[in-house]
Amino acid sequence: MNQLGFPILSIMLAVPTAAAIACLYLKDEGARRLALAATLIDLALGILLWATFDSSQGAPQWQFQEHVGVFGRFAWALGIDGIALLLIMLSVFLMPICILASWTSITKRVPEYMAAFLLTEVLMVGTFAAQDLFLFYIFFEAGLIPMYLIIGIWGGARRIYASYKFFLYTLLGSVLMLIAMLWMSNFAGTTDIPTLLQTDFPVEAQNWLWLAFFASFAVKVPMWPVHTWLPDAHVEAPTAGSVILAGVLLKLGGYGFIRFSLPMFPEASSTLIWVILVLSGIAVVYTSLVALVQNDMKKLIAYSSVAHMAIVTIGLFAFNRQGLEGSMMVMLSHGLVSGALFLCVGVIYDRLHTREIARYGGLSNNMPRYALLFMLFTMASVGLPGTSGFVGEFLSLMGAWQVSSWATAVCTTGIILGAAYMLYLYWRVAFGVSDKPDAAAMPDLNARELISLGAIALVVLWMGVYPESFLKPMRNDIGTIVARVDRAKPRFDPDFAVGKPNVKLPVEAAAH
Amino acid sequence: MDYAQNLLITLPELILSIGAIVLMMVAAYAGDRATRPIGWAAVLLFVAALIASLFPAGIGFGGLYKADAFSAFAKALIYGGAAVSVILAPDFFERRGGQLRAEYPVLLLLSGVGMGMMVSATDLLTLYVGLELQSLAAYVLASFMRRDARSAEAGLKYFVLGALASGILLYGIALLYGFTGTTQFSGIAAAIGAGPLSTGLLFGIVFAMAGIAFKISAVPFHMWTPDVYEGAPTPVTGFFASAPKVAAMGLMVRLTVEAMGPAYESWRQIVIFSALASIVLGAVAAIGQKNIKRLLAYSSINNVGFALIGLAAVQPGRPEGVASVMTYMAIYIVMTLGSFLVVLQMRDAEGNNVETIASLSGLSRTHPALAAAFAVFMFSLAGVPPLLGFWAKFVVFDAAVKAGLWPLAAIGIAASVISAFYYLMIVKTMYFDEPAPAYHRVENKIEGGLIAVTALAVSPLGYFLIPLLADLSTNAAQALF
């Protein structure tokens with residue numbers, strides 16, 4: 001079965017499912033505790049998964065595989081490679097933190113809230129672990145239901161508008177993907193993702209399939225111009241909802257690109273690469289500028305997410321190792337950092353109940369621990385060397401440079417603009433004069449908040465200082481993808497040829 | 001084939017007809033006191049007919065009637081749906097001040113006979129007789145609350161428009177008979193396959209399909225649906241949306257495949273148009289509705305559109321399309337019966353039924369379990385995974401893609417997002433809005449149990465039924481080829 005002897009992935013799905021059902025029958029406090037316990041069990045299982053994952057040279061690509069053909073047309077097939085492993089780790093790491101973040105800030109309908117979060121966890125882990133095309137689709141789509149409820153029930157003032165927009169936007173994107181999947185499974189005669197990854201689809205069909213998948217993943221990532229659901233959803237969602245939305249749900253789009261679009265349709269990816277380059281370039285510059293003028297903290301971070309995810313997409317379609325590894329690192333780093341930033345916003349929102357930047361100021365005086373951690377995450381978001389943000393952005397832009405120097409040049413401005421809007425935000429919130437009595441009276445982080453933010457901070461530094469821990473599990477799998485797409489590699493515009501200097505050197509100089 | 005065998009093949013219809021006549025006599029002498037026993041007897045008869053429909057197969061009465069895997073599949077759904085409709089009626093009518101009249105179960109039985117005939121018909125005349133038997137019972141049922149103006153209006157509208165549709169169908173039958181010289185499906189298919197399609201025959205096909213499109217309430221013959229659904233008593237509406245839909249769809253499938261199979265390229269255009277028009281109109285028109293029954297009426301129009309996509313995928317020798325239609329109808333009947341069961345629980349403090357969507361506000365806090373069940377049905381009808389309604393859509397789109405109709409599938413599925421909007425609206429009303437006055441809580445174990453069973457069936461647990469459903473529907477479909 002696998003190296004552990006028990007179906008660990010199914011258990012990782014079963015634990016939160018059972019807890020979610022049990023939560024509905026508990027009182028508030030019991031539901032909180034049970035949810036925390038279940039997510040911690042999943043985290044422990046995740047660590048076990050990582051510890052036993054074989055990432056040595058020549059290790060099998062797919063590990064921990066399970067296959068039960070109970071559904072007829074498709075199967076309960078799970079299994080992970082290094083890419084999926086890291087994203088599962090990201091999900092199970094952020095979940096307990098989300099539960100902690102909601103401990104006191106959610107007071108109404110707590111059991112249902114916890115159940116919705118646990119179901120979200122099931123569906124996220126399931127999406128990353130699914131090895132059957134339609135099982136993937138079911139997990140991918142089903143994630144909309146709990147998130148719709150989380151935004152709609154526990155969200156802010158415009159929550160209903162935001163929840164509709166979130167649901168319908170993503171649904172419209174996804175349904176076209178389903179038609180493409182049906183076509184693919186009929187063409188290949190299988191729904192098994194590893195087999196489909198080896199299938200060469202006809203080049204003339206690839207463009208259509210690629211566009212159908214693009215419709216789904218571009219909305220999920222999100223890419224400009226279909227990103228508009230994201231700021232609304234983030235602003236209205238409760239803090240933990242934003243964390244999970246930015247931390248993991250956006251990664252489903254990136255995961256989709258890396259798992260399906262690129263290796264299954266290499267020719268189409270090459271033909272249509274201009275779509276990615278243009279949209280990513282616009283996204284970086286446009287959303288960074290928009291972020292610069294926001295008054296709402298959550299909106300600012302939401303727009304910065306769009307900009308960061310554009311760096312992911314440009315790196316993904318670079319067709320080389322640096323780009324792909326960089327994109328994965330940006331995804332992981334962004335998952336942690338933007339999650340942490342939303343938590344930081346949540347911390348002060350819980351105290352003052354406003355997200356307006358102008359209502360704060362001088363927090364470094366009365367909240368020094370908070371200001372320190374907030375600073376760390378600000379720097380990580382900017383991409384300061386030594387933090388996780390730097391590794392990913394550097395690699396991914398370096399990979400992208402080999403495809404299009406122009407697009408990379410445009411996207412690199414995002415780093416500068418990112419520094420501008422993040423530092424501007426930090427300056428307005430943490431520094432300056434504490435002239436607002438209510439803001440100046442806010443207490444510093446309590447133990448619960450400190451544990452949540454501190455845990456993320458440690459991982460952010462770990463990823464920045466020793467990224468090898470995170471690069472190692474996916475090295476083989478990235479290699480497989482690079483080898484797979486090599487035949488369709490686009491011609492690179494900065495294709496420097498080695499010149500032949502036409503200089504006659506004096507004979508005695510050559511003799512030296 | 002001797003007479004005994006003919007009778008054996010038609011055993012389900014015999015059970016229902018004799019049972020209906022006997023119960024009618026009981027009703028005449030015992031009066032309305034016997035309503036409940038008669039109702040339970042009717043349920044037993046439906047169960048007996050369901051069991052009887054599974055066994056003997058063959059062609060009876062010189063090619064007028066056929067019992068095969070297809071008819072067995074459809075009859076299982078029809079009799080099951082009809083039995084549930086009998087069960088949910090008495091409480092409703094008692095709350096409306098009167099008692100349920102004893103004729104109600106009898107009419108459902110007679111309607112059941114007609115529906116059985118519809119899906120077993122292999123001759124245009126059996127088809128017509130079955131359809132009329134079903135319809136005449138349905139007209140009476142629609143106006144069953146005689147003193148209620150809306151119910152009477154519903155019955156009258158249904159009758160007038162239904163009569164018009166029957167006329168159109170008869171005209172189509174006449175043309176088909178005139179140009180092929182036979183009323184038997186196999187003979188018609190042979191005549192169509194023999195040469196190029198004549199204009200008269202084409203008109204016959206168009207008229208016959210128009211008549212049946214009325215019965216499945218496919219656009220552009222859907223106009224009666226919202227009014228009749230709104231006016232008819234709720235249990236009757238639940239019945240209209242379930243069993244007769246399956247019967248009419250079964251009839252449509254058998255007629256198009258067995259009789260008009262060789263002309264599939266001609267009728268496919270009609271089916272494609274009707275499918276897309278039903279999906280779009282059913283989705284757009286539902287958005288503005290304030291009445292839950294009207295909304296479900298448009299939802300049924302919308303769903304018929306999806307089922308028709310499966311029919312459009314039918315090609316000679318390829319049963320996937322038929323199998324997908326039957327799977328769709330099987331899942332649809334469970335979702336729709338579940339939804340109407342929930343609608344029956346919507347009662348104000350005095351116990352009167354309310355039908356406004358606004359009264360659902362905050363249901364998740366006043367009746368959490370009921371709200372959860374209704375949310376399951378709504379998400380399932382919207383076709384969102386992991387609920388079983390997704391699987392229904394999956395199979396029809398799969399069949400369409402296999403038949404090379406992927407543009408149709410892409411347009412259809414994109415339009416399904418519009419319909420997701422109003423299903424979400426119901427969920428929003430129940431979960432996001434502030435509570436309206438709570439519904440009157442009536443403990444009815446049977447209805448509560450049925451809601452739980454249907455909700456579980458369309459929940460992710462229902463996915464374990466997929467292999468069984470696939471086998472049965474494929475079997476049913478192969479019987480037609």
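This is a predicted model, so every value here is computed, not measured.

Parameters at a glance
- Residues numbered from 1 in each chain as written.
- Chains lettered and ligands numbered in written order.
- Predicted model: local features only at pLDDT ≥ 70, side-chain atom pairs only at ≥ 80, totals over all residues.
- Heavy atoms only, no water.
- Helix = DSSP H or I, 4+ residues; strand = E, 2+ residues; numbered from the N terminus.
- Rg over C-alpha atoms; globule rule 2.2 N^0.38 Å.
- Buried < 20%, exposed > 50% of the residue type's maximum accessible area, 1.4 Å probe, protein only.
- Contact = heavy atoms within 4.5 Å.
- Areas by Shrake-Rupley, 256 points an atom, 1.4 Å probe, with all protein chains shown as cover.
- Lys, Arg positive; Asp, Glu negative; His and termini not counted.
- Charge placed at Lys NZ, Arg CZ, Asp CG, Glu CD.
- Patch = residues over 30% accessible without salt bridge, like charges linked within 9 Å, V, L, I, M, F, W, Y side chains within 5 Å.
- Salt bridge = Lys/Arg side-chain N within 4 Å of Asp/Glu carboxyl O.
- UniProt positions renumbered as here; feature names shortened; annotations may be inferred.
- Buried area = accessible area lost by both parts, 1.4 Å probe.
- Polar contact = N/O pair within 3.5 Å; in protein donor to acceptor, adjacent residues only side chain to side chain.
- pLDDT = per-residue confidence, 0-100.
- Axes fitted to C-alpha atoms, helices over the stretch in contact; angles between N-to-C directions.
- Parallel < 35°, antiparallel > 145°, perpendicular 65-115°, else oblique.
- Left-handed = near helix turned anticlockwise from the far one by under 90°.
- Nonpolar A, V, L, I, M, F, W, Y, C, P; charged D, E, K, R; others polar.

(A) Highlighting the overall build of chain B. A count of helical and extended segments in chain B gives 21 helices and 2 strands. Scaling as 2.2 N^0.38, a compact globule of 481 residues should have a C-alpha radius of gyration of about 23 Å, and chain B matches this with 21 Å. Each of the three principal axes of chain B carries a C-alpha extent, and together these read 65 × 55 × 40 Å. Expressed as a percentage of its 481 residues, the buried residues of chain B come to 64%. Partitioning the contacts of chain B with sequence separation of at least 6, the portion at a separation of at least 24 is 82%. Surface summary for chain B: the accessible area is close to 16000 Å², and the carbon and sulfur share equals 69%. Treating the 26 positive side-chain charges of chain B as one cloud and the 25 negative ones as another, the clouds have centres 4 Å apart.

(B) Structural context of a nonpolar patch on the surface. Residues and elements named next belong to chain A. A cluster of nonpolar residues, W274, V278, I282 and Y286, forms a patch on the protein surface that exposes about 390 Å² of accessible area. Inspection of the secondary structure assignment puts V278 in helix α13 (residues 273-292). Given a relative accessible area of 45%, V278 falls into the partly exposed group.

(C) Structural view of the UniProt feature "domain: NADH:quinone oxidoreductase/Mrp antiporter transmembrane" (unreviewed entry) in chain A. Mapped onto this numbering, the UniProt entry annotates "domain: NADH:quinone oxidoreductase/Mrp antiporter transmembrane" (unreviewed entry) at residues 130-415 of chain A. Across residues 130-415 of chain A, the secondary structure splits into 81% helix and 0% strand, with the terminal C-alpha atoms separated by 34 Å.

(D) The arrangement of the interface of chain A and chain B in detail. Tallying the contact residues gives 33 residues for chain A and 33 residues for chain B. Regarding the contact of chain A and chain B, the summed buried area is about 3100 Å², with carbon and sulfur atoms giving 81% of it. Taken as a group, R109, Y164 and I179 of chain A account for 18% of the area that chain A buries against chain B, more than any other trio of residues on that side. The interface formed by chain A and chain B holds 1 salt bridge in total. D398 of chain B is the salt-bridge partner of R73 of chain A, the closest N and O atoms lying 2.9 Å from each other. Inspection of the chain A/chain B interface yields 7 residue pairs in polar contact (both at pLDDT 80 or more). Counting residues per element, the ones that place at least two in the side of chain A that touches chain B are α5 (133-142), α6 (144-154) and α7 (159-188) of chain A.

(E) Layout of the confidence of the model for chain B. On average, chain B scores 90 in pLDDT, and the residues at 70 or more come to 99%. The complex model carries a pTM of 0.92, and its ipTM stands at 0.91.

(F) Seen up close, the UniProt feature "domain: NADH:ubiquinone oxidoreductase chain 4 N-terminal" (unreviewed entry) in chain A. With numbering matched to this structure, UniProt assigns "domain: NADH:ubiquinone oxidoreductase chain 4 N-terminal" (unreviewed entry) to residues 74-124 of chain A. Measuring from the first to the last C-alpha atom of residues 74-124 of chain A gives 19 Å, for a span that is 69% helix and 10% strand.

(G) Fine view of unusual backbone geometry. A cis amide bond links V221 of chain A with the next residue in sequence, P222 of chain A, at an omega value of -15°. Looking at where P222 of chain A falls in the secondary structure, it is placed in the loop between α9 (203-220) and α10 (229-236). Here P385 of chain B and P386 of chain B are connected by a cis peptide whose omega angle stands at 10°. Of note, P386 of chain B is situated in the loop between α17 (368-382) and α18 (388-402).

(H) Region of interest: the environment of G156 of chain A. Along the polypeptide, G156 of chain A turns up in the loop between α6 and α7. For the pair G156 of chain A and I357 of chain A, spaced 201 residues apart in sequence, the C-alpha separation works out to 17 Å.

(I) Main features of the packing of α7 of chain A against α10 of chain A. Residues and elements named next belong to chain A. The contact between α7 and α10 brings their axes to 9 Å, and the two run at 135°. Taken together, the axis directions place α7 and α10 in an arrangement best described as oblique. In the packing of α7 onto α10, the handedness of the crossing is left-handed. Contacts between α7 and α10 involve R159, Y161, A162, K165, F166 and Y169 on the former and, on the latter, W229, D232, A233 and E236. Here the residues of the contact of α7 with α10 sort into 6 nonpolar, no polar and 4 charged.

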